[in-house]
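Chain residues, written in single-letter form:
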Amino acid sequence: MEDLLEKLLEAVELGKVDKKSPYPPNLKDQDGAYELAGKALEQGCKPDEILEKALIPAMANVGNRYSRREIYVPQMLMSAKAMGGAMLHLKPFFQSGETKRKGTFIIGTVTGDLHDIGKNLVSMMVEGAGWEVIDLGVDVSTEKFIKAIEEKPSAVVGLSALLTTTMENMRKIVADIKTKYAGVKILVGGAPVTMEYCKKIGADFYSPDPQGAVNYLKNLAS
Ligand code: B1M
């Protein structure tokens, strides 16, 4: 069993989605994350064990390697895709409530901003770290964030902005959320955003990359 989980960890880290996936070329025709997760379940491994022992450590390695600039966006996307392949088997268990998530993370790119590549990476990495993720998409208004928070009041909220012009919308959304839900923690990120700006607009934390977001949530949950 340990061997199977080790193989799954490696498949996710290397971005091997499933058997027919041509990437990475040296793993051609070998089982990918999809098949290995299915086999682990068949052999009696619990979904949360698969998450804790294979998927989460794999994505943590990927996040750390990306932060150290040892890998780049395409590799991280392939790993996230591989994790998604494994999650196809695990999701039904989480959705049924049979297996507990660490918490809920609501994420969206702020009003007026259509950039979603970075936001999607954060979303996938956080999901890979064992959180339920409610991804509201792009061009998300205060009202949409508030509605999602109403449904999950204990959620942590993540805002992404890629344009200097939409940073102002980020400020407004943070202010509106904090007025209505002072206790809700808000994490901000995106290329033009800085820790200084985070403090200025009253958000709780800034992360320059997905792994920083995962680490912040991990600290909050512990
Ligand atoms: Co746009 N764009 N774009 N664009 N675009 C930028 C951002 C720009 C810097 C390009 C440039 O001029 N050099 C520039 C902004 C300038 C500024 O504001 N200072 C720009 C512009 C001007 C525009 C338009 C206005 C262009 C126009 O129409 N005249 C327009 C705006 C549309 C709109 O949003 N309303 C526009 C449109 C587009 C496309 C639609 C064509 C496309 C977006 C496609 C998509 O996202 N689906 C696009 C793209 C691709 C880019 C660039 C080239 C790449 C952005 C990207 O995906 N980076 C970008 C230039 C650049 O960055 N080199 C640019 C990769 C991604 C992994 O990084 O998103 O930074 P990033 O995310 C990182 C971190 O920031 C962090 O983690 C990620 C991984 O490390 N992170 C978080 C992100 N969100 C986080 C949230 C967190 C934590 C961390 O917690 C919640």
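Residues numbered from 1 in each chain as written. Predicted model: local features only at pLDDT ≥ 70, side-chain atom pairs only at ≥ 80, totals over all residues. Heavy atoms only, no water.

1. Digging into the domain arrangement of the protein
Part 1: When its domains are assigned, the protein resolves into domain 1 (1-100) and domain 2 (101-222).
Part 2: Each of domain 1 and domain 2 has a C-alpha centre, and these two points are 25 Å apart.
Part 3: Each side of the interface is counted separately: domain 1 has 20 residues, and domain 2 has twelve residues.
Part 4: Of the roughly 1400 Å² buried between domain 1 and domain 2, counting both surfaces, carbon and sulfur atoms make up 70%.
Part 5: Where E127 meets K91, a salt bridge forms, and the shortest distance between an N and an O atom there is 3.4 Å. (Domains from an automatic or database assignment. Contact = heavy atoms within 4.5 Å. Buried area = accessible area lost by both parts, 1.4 Å probe. Salt bridge = Lys/Arg side-chain N within 4 Å of Asp/Glu carboxyl O.)

2. As for the nonpolar core
Part 1: Residues L8, V12, I50, L55, L90 and F105 are the most contacted members of the largest nonpolar core, which totals 44 residues.
Part 2: Secondary structure elements with two or more residues in this core: α1 (2-14), α2 (33-42), α3 (47-67), α4 (73-95), β1 (104-109), α5 (117-128) and α9 (210-221).
Part 3: Built from parts of two domains, this core gets at least three residues from each of domain 1 (1-100) and domain 2 (101-222).
Part 4: Not counting the four nearest positions on each side in its chain, L55 is found in contact with L8, V12, I50, M83, A86, M87, L90 and G128.
Part 5: Core analysis: the second largest hydrophobic core is formed by 25 residues, I106, F145, I149 and L159 among them. (Core = buried A, V, L, I, M, F, W, Y, C linked by side-chain atoms within 4.5 Å. Buried < 20%, exposed > 50% of the residue type's maximum accessible area, 1.4 Å probe, protein only. Helix = DSSP H or I, 4+ residues; strand = E, 2+ residues; numbered from the N terminus.)

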